[in-house]
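Report on the structure
The lines below spell out each chain.
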Amino acid sequence: MKKVLLFTALAAALTAGLAQAGEKLVVAATPIPHAEILELIKPTLAKEGVDLEVKVFTDYVQPNTQVAEKHLDANYFQTKPYLDGFNKGKGTNLVTVIGVHVEPFGGYSKKVKSLSELKDGATIAIPNEGSNAGRALLLLQSKGLIELKDPKNALSTPKDIAKNPHKFKFKELESALLPRVLDQVDLDLINTNYALEAGLNPAKDALLIEGADSPYVNFLVARPDNQNSDAIQKLAKALTSPEVKAFIDSKYKGAVLPAF
């Protein structure tokens, strides 16, 4: 009887220890602001039994690929239009969990101080990824610089430009490379996370920028098999907490906007 009681006590202690240790959650993110926000909520999640590990990536492909292949649990770096395009192109079925913030997309230049100074034939750099390219072109269209065949097509490419009265030339590059060509082009349309990494202040330095009503919300993304798990839901709750909202407002000062 004593052996049975001892075994039961040991089993209970082991179970309690496992519960206290909690569940490990490995999440991919780009450096700014995503990884910074995730690092902020690590202590909060630890108190709730979730051991959060942040894997930092500087591209937009591997974070999705590794979640789809179950090497990682989730990611936080992308908009839904980008995710939709990735799922369609790669045959994956990743899903959004919750929207966290908006990064107003902007255009920058070291050669001109206003859009009116852009000369005919000027070179404009834009992302080469589907939804990001479309986002850049929609922004240019909103300022009257070009006109698209379908004015609402979020997946437009330079081939979908119907009117280009100033004969602008378009240089398409991976999003992460755009800050590197700022000195080489007349106008450079850069995702805000990469603009921040390059030391640009979207609120002050951008010649054109999306408004606070931008539909391009950055989401926490997971798989159908784990999107409703306890750990993922705790992460989603922490990402949309008053603590995160205050952090975004104070640290990024309008360059990043809470979406909750």
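Parameters at a glance
Residues numbered from 1 in each chain as written. Predicted model: local features only at pLDDT ≥ 70, side-chain atom pairs only at ≥ 80, totals over all residues. Heavy atoms only, no water. UniProt positions renumbered as here; feature names shortened; annotations may be inferred. 1 Å grid on protein atoms, 1.4 Å probe; cavity = no way out; pocket = protein on both sides within 12 Å on 5 of 7 lines; lining within 4 Å. Points joined across faces, edges and corners; volume = space filled by probe spheres on them. Helix = DSSP H or I, 4+ residues; strand = E, 2+ residues; numbered from the N terminus. Axes fitted to C-alpha atoms, helices over the stretch in contact; angles between N-to-C directions. Parallel < 35°, antiparallel > 145°, perpendicular 65-115°, else oblique. Left-handed = near helix turned anticlockwise from the far one by under 90°. Contact = heavy atoms within 4.5 Å.

You'll find the protein entered in an unreviewed UniProt entry as MetQ/NlpA family ABC transporter substrate-binding protein, with Pseudomonas vanderleydeniana given as the organism. What UniProt records for the protein under Sequence similarities (unreviewed entry) is the sentence "Belongs to the NlpA lipoprotein family." Comment text from UniProt for the protein, heading Subcellular location (unreviewed entry), reads "Membrane".

Moving on: empty space enclosed by the protein. A full pass over the atoms with the stated rule returns 1 cavity of 30 Å³ or more. If you go around the largest cavity, you meet 13 residues; those closest to its centre are Tyr60, Phe77, Thr79, Arg135 and Asn191. Secondary-structure elements contributing two or more residues to the lining of the largest cavity are strand 3 (74-79), helix 6 (130-142) and helix 7 (192-197). Ranked by residue count, the leading element in the lining of the largest cavity is strand 3, at 3 residues.

Right, let's get into the packing of helix 2 (residues 31-40) against helix 10 (residues 242-252). Contact geometry for helix 2 and helix 10: axes closest at 11 Å, N-to-C directions at 135°. When the axis of helix 2 is compared with that of helix 10, the two are oblique. The chirality of how helix 2 crosses helix 10 is right-handed. Residues Ile32, Pro33, Glu36, Ile37 and Leu40 of helix 2 lie in contact with helix 10, whose contacting residues are Glu243, Val244, Phe247, Ile248, Lys251 and Tyr252.

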